[in-house]
Amino acid sequence: MRVVVKETAREAALYVAEKIISFVNDSSDPVLGFATGRTQLPIYEALVSAYKSGRVSFKNIRSFNLDEYVGEPQTSPYSYATYMHENFFDPVDMDRSRIHLLDGTAQDLQAEAERYENEIKDSGGIGLQIVSIGRNGHIGFNEPGSSLTSRTRVIRLSDDTRAANRAFFPADREPPNFAITMGIGTILDADMIIMIATGKHKARAIRDFVEGPVTASCPSSALQGHPATLVVLDSEAAEFLQRRQDDQRDRPA
Ligand code: GLP
């Protein structure tokens, strides 16, 4: 795992955006795994601006999103589908038929999860998966306790995650209790993974993920065993890393 520490959150996001642009421009059939949340917003902003200035086109990419709330229609303003359309898909030249999203309102969520796994397989697998981390160490919505070999499935959200995501919902609406998410095993199948984390509130989770044991108590720690994972941090998220100096010396950015 290679760890790159940038000074600011903006620099970290721009660095990740450039990695995505190179991947798209260099691949004949780019399949991308996208994530949502606040950390990703400056990445999408940078991708949209690169598209508008003609540096990259997204019309040939295929995309798979990590997760979706259960019970939230894709047209709901609070769904991750809407987040993706507003922040990325609509402002760029994405081919709608190449966008893959989980449907949290599917009647048979187990079948929905299997459909998604099959679509990933049929696409040849994800070439570059982007993830961020929850304060409790989750990736996608794989909450602590998730099997490190888990596949796409329904999961109950922890109180901590619901509290962290409450700001996205109006005051009179509780965040959903359940989500459907790619599993950790599904994420690990990607050829390359880029994890981005920014801000002080992620520092503890980052320390556990990067330097702690591989354990289901910190689901992101499973990435330690992946052959091509790049971790991009700002200085605040990197604050508790003990071996930060070594990482920078041994593995220059
Ligand atoms: C949600 C997503 C996760 C993401 C997390 C981080 O929980 N399901 O995939 O890692 O948000 O969000 P933020 O970037 O807002 O901290």
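Residue positions within a chain follow its written sequence, with the count starting from 1. Per-residue local features of the predicted model are confined to residues with pLDDT of at least 70, and side-chain atom pairs are confined, for both listing and counting, to 80 or more; whole-chain, interface and lining totals are unaffected and use all residues. Hydrogens and water molecules were not included; the side-chain quantities draw on all heavy atoms of the structure.

Colleague: Mind showing me how you'd approach the sheet that holds strand β4 (residues 67–69) here?
Modeller: Each strand in a sheet pairs with another by means of backbone hydrogen bonds, the pair being arranged parallel or else antiparallel. When DSSP finds two or more bridges between a pair of strands, those strands are recorded as paired. What counts as a helix is a DSSP run of H or I of at least four residues, what counts as a strand is a run of E of at least two, and both are numbered from the N terminus. Here three strands make up an open sheet; going across it, the order is β4-β8-β7 and the pairing antiparallel. Since the sheet does not close on itself, it has two edges, and those belong to β4 and β7 (153–156), each with one partner. Averaged over all pairs of adjacent strands, the angle between their axes in this sheet comes to 30°, without regard to strand direction. Pairing geometry for β4 and strand β8 (residues 178–181), over three bridges, is antiparallel. In the strand pairing of β8, Glu68 is matched with Ile180. Each axis is a line fitted through C-alpha atoms, and for a helix only the stretch in contact is used; angles between axes span 0 to 180 degrees, taken between their N-to-C directions.

Colleague: Got a minute to help me understand the packing of aromatic side chains in this structure?
Modeller: What describes a pair of aromatic rings is the distance from one ring centre to the other and the angle between the planes of the rings. Pairing of aromatic rings covers Phe, Tyr and Trp, the last through its six-membered ring, and needs centres within 6.5 Å; plane angles under 30 degrees mean stacked, over 60 mean edge-to-face, and all others mean tilted. Using the criterion set out here, one finds 13 aromatic pairs in the structure. Ring centres 6.1 Å apart and planes at 75° place the aromatic pair Tyr44 and Tyr83 in the edge-to-face group. In this pair, Tyr44 sits in helix α2 (residues 41–52) while Tyr83 sits in helix α3 (residues 80–89), placing the two residues 39 residues apart along the sequence. Throughout, exposure labels follow a simple rule: accessible area from a 1.4 Å probe, protein chains only, divided by the maximum for the residue type, with under 20% read as buried, over 50% as exposed, and the rest as partly exposed. Residue classification places Tyr44 among the buried residues on the basis of a relative accessible area of 2%.

Colleague: What is the right way to look at the pattern of salt bridges in this model?
Modeller: Pairing is possible between side chains that carry opposite charge, provided their charged atoms lie close to one another. Here, a salt bridge means any side-chain nitrogen of Lys or Arg that lies within 4 Å of a carboxyl oxygen of Asp or Glu. Throughout the structure, instances matching the rule amount to 13 salt bridges. Measuring nitrogen to oxygen at the nearest pair gives 2.5 Å for the salt bridge that ties Arg62 to Asp29. Taken together, the residues span a long stretch of sequence, with Arg62 in strand β3 (residues 62–65) and Asp29 in the loop between α1 (9–26) and β2 (31–34) at a distance of 33 residues. For Arg62, a relative accessible area of 17% translates into the label buried. A salt bridge links Glu112 to Arg115; its shortest N-O distance comes to 2.5 Å. Of this pair, Glu112 and Arg115 both sit in helix α4 (residues 109–122), separated by three residues, roughly a single helical turn.

Colleague: How do you make sense of the site of the ligand when you look at a structure like this?
Modeller: Residues are classed as near a molecule or strand on a simple rule: at least one heavy atom within 4 Å of it. For the ligand, the full set of nearby residues is Gly37, Arg38, Thr39, Asp67, Tyr80, Ser132, Ile133, His138, Gly140, Phe141, Asn165 and Lys202. One of the side-chain N or O atoms of Asn165 is found 3.3 Å from an oxygen atom in the ligand. In the complex, 96% of the free accessible area of the ligand, which totals 390 Å², lies under the protein chains. Three categories are distinguished: nonpolar for Ala, Val, Leu, Ile, Met, Phe, Trp, Tyr, Cys and Pro, charged for Asp, Glu, Lys and Arg, and polar for the others, with Gly belonging to the last. The residue makeup of the shell around the ligand, split by class, is three nonpolar, six polar and three charged. Whenever two N or O atoms come within 3.5 Å, that pair is a polar contact, provided that in protein one can donate a hydrogen and the other can accept it, and provided that, for residues adjacent in sequence, both atoms are side-chain atoms. Under the convention used here, a 1.4 Å probe and the Shrake-Rupley method define accessible areas, while residue burial counts only the protein chains that appear.

Colleague: Looking at this model, I keep getting lost on the sheet that holds strand β9 (residues 192–197). Mind explaining?
Modeller: Taken in spatial order, the seven strands line up as β1-β10-β9-β6-β2-β3-β5 in an open sheet, and their pairing is parallel. Unpaired on one side and paired on the other, β1 (2–6) and β5 (99–100) mark the two borders of the sheet. As paired elements, strand β6 (residues 128–132) and β9 share five bridges and run parallel to each other. Along β9, the bridge assignment pairs Ser132 with Ile196. Throughout, a contact is declared for two residues whenever any of their heavy atoms are within 4.5 Å. Contacts from α1 reach β1, β2, β6, β9 and β10 (229–234), with the element oriented near 150° to β10.

Colleague: Looking at this structure, how should I read α2?
Modeller: Within an α-helix, residues lying three or four positions from one another point in the same direction, as the helix has 3.6 residues per turn. Helix length check: α2 (twelve residues) gives 17 Å between terminal C-alpha atoms against 16 Å at 1.5 Å per residue, within 8%. What α2 keeps buried is the set Ile43, Tyr44, Ala46, Leu47, Val48 and Ala50. Positive backbone phi, at 80°, marks Gly54, one or two positions downstream of α2. In this scheme, a helix's expected span is set at 1.5 Å multiplied by one less than its residue total.

Colleague: How do you make sense of the pairing of β9 when you look at a structure like this?
Modeller: Successive residues of a regular strand alternate their side chains across the two faces of the sheet. With five of six residues buried, β9 lies mostly within the body of the structure. Relative to β10, β9 runs parallel, the two sharing five bridges. Considered in β10, the bridge of Ile193 is made with Thr229. Taken together, β9, helix α7 (residues 203–211) and β10 constitute a β-α-β crossover, and its handedness is right-handed. The definition of a right-handed crossover adopted here requires that, viewed with the strands pointing away, the path from the first strand over the helix to the second runs clockwise.

On their own, these measurements won't tell you what the molecule is for.
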